[in-house]
Amino acid sequence: MIAFLSCVMQNDTINYAKQSQVLVKKTKDNIKEKIFKGWWIYGEGQHIFKDELTLKEYNLEFLNEDPKDLHYLYLAVCEMEYFPLESNMTGFLRKDIVENQDILIVTDFEIDHV
């Protein structure tokens with residue numbers, strides 16, 4: 001009896017994992033990327049973006065970049081932490097329900113002005 005329940009539970013887990021992957025793929029395809037213009041600010045290991053139009057602040061997550069490389073790039077350009085770097089971020093917004101914050105998921109970016 002225990003072996004049978006174990007097999008049923010494993011199959012349910014596999015089916016749930018497959019459904020979750022499909023849900024994530026559908027959600028990812030439906031999200032439209034947008035260009036956000038504003039200021040990228042880095043300090044104490046945290047990346048923040050201040051939107052020029054709305055003046056809202058977003059935590060940044062970079063999908064295609066290595067965090068160490070971003071740290072070195074920011075410091076190479078600004079030569080210090082907490083210096084606002086004018087930039088365009090291409091990406092989409094995600095709501096962090098636990099911390100009640102908006103996160104800007106960045107797929108690409110360019111630095112406008114140094």
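Everything below is about the structure printed above this text.
Along each chain, residue indices are assigned from 1 in the same order as the chain's sequence is written. Thresholds applied to this predicted model are a pLDDT of at least 70 for local features of residues and 80 or more for the giving and counting of side-chain atom pairs; totals over whole chains, interfaces and linings are not thresholded and use all residues. Side-chain numbers here rest on the full set of heavy atoms in the structure, without hydrogens or water.

Caption draft 1: Spotlight on a negative patch on the surface. Exposure above 30% relative accessible area and the lack of any salt bridge qualify a residue for a patch; like charges then connect within 9 Å, and the nonpolar side chains Val, Leu, Ile, Met, Phe, Trp and Tyr within 5 Å. All accessible areas in this document rest on Shrake-Rupley with a 1.4 Å probe, and a residue is counted as covered only by the protein chains that are shown. A side-chain nitrogen of Lys or Arg and a carboxyl oxygen of Asp or Glu constitute a salt bridge if their distance falls within 4 Å. Two residue types count as positive, namely Lys and Arg, and two as negative, namely Asp and Glu; His and chain ends fall outside the count. The atoms used to mark charge sites are NZ of Lys, CZ of Arg, CG of Asp and CD of Glu. A grouping of Glu-33, Glu-52, Glu-65, Asp-66, Asp-69, Asp-108, Glu-110 and Asp-112 is seen on the molecular surface, where their side chains present a negatively charged patch. In DSSP terms, a helix is any run of H or I states spanning at least four residues, a strand is any run of E spanning at least two, and both are numbered starting from the N terminus. Considering every element that reaches the negative patch, the biggest residue donor is strand 5 (residues 101-113), with three residues. Tracing the sequence through the fold places Asp-108 in strand 5. Exposure classes here rest on a 1.4 Å probe applied to the protein chains alone. A residue is buried below 20% of its type maximum, exposed above 50%, and partly exposed in between. Judged by relative accessible area, Asp-108 falls into the partly exposed class, the value being 45%.

Caption draft 2: Broad picture of the pattern of salt bridges. Tallying each qualifying case throughout the model produces three salt bridges. We note a salt bridge from Lys-50 to Glu-57, for which the minimum N-O separation is 3.8 Å.

Caption draft 3: A look at helix 2 (residues 67-78). Along its 12 residues, helix 2 runs 16 Å from first to last C-alpha, staying within 8% of the 16 Å computed at 1.5 Å per residue. For helix 2, the set of buried residues is Leu-70, Tyr-74 and Cys-78. Projected down its long axis, helix 2 shows its buried positions confined to an angular sector of 40°, all on one face. Opposite the buried face of helix 2, at more than 90 degrees from it, the exposed residues are Lys-68, Tyr-72 and Ala-76. Looking at the buried residues of helix 2, the elements they touch are strand 1 (34-43), strand 2 (46-51), strand 3 (57-62), strand 4 (85-96) and strand 5. Just beyond helix 2, the residue with positive phi is Glu-79, at close to 65°. Working rule for helices: expected span equals 1.5 Å times residues minus one. It is the directions from the helix axis to the C-beta atoms whose arc is reported. Should any heavy atoms of two residues lie within 4.5 Å, those residues are considered in contact.

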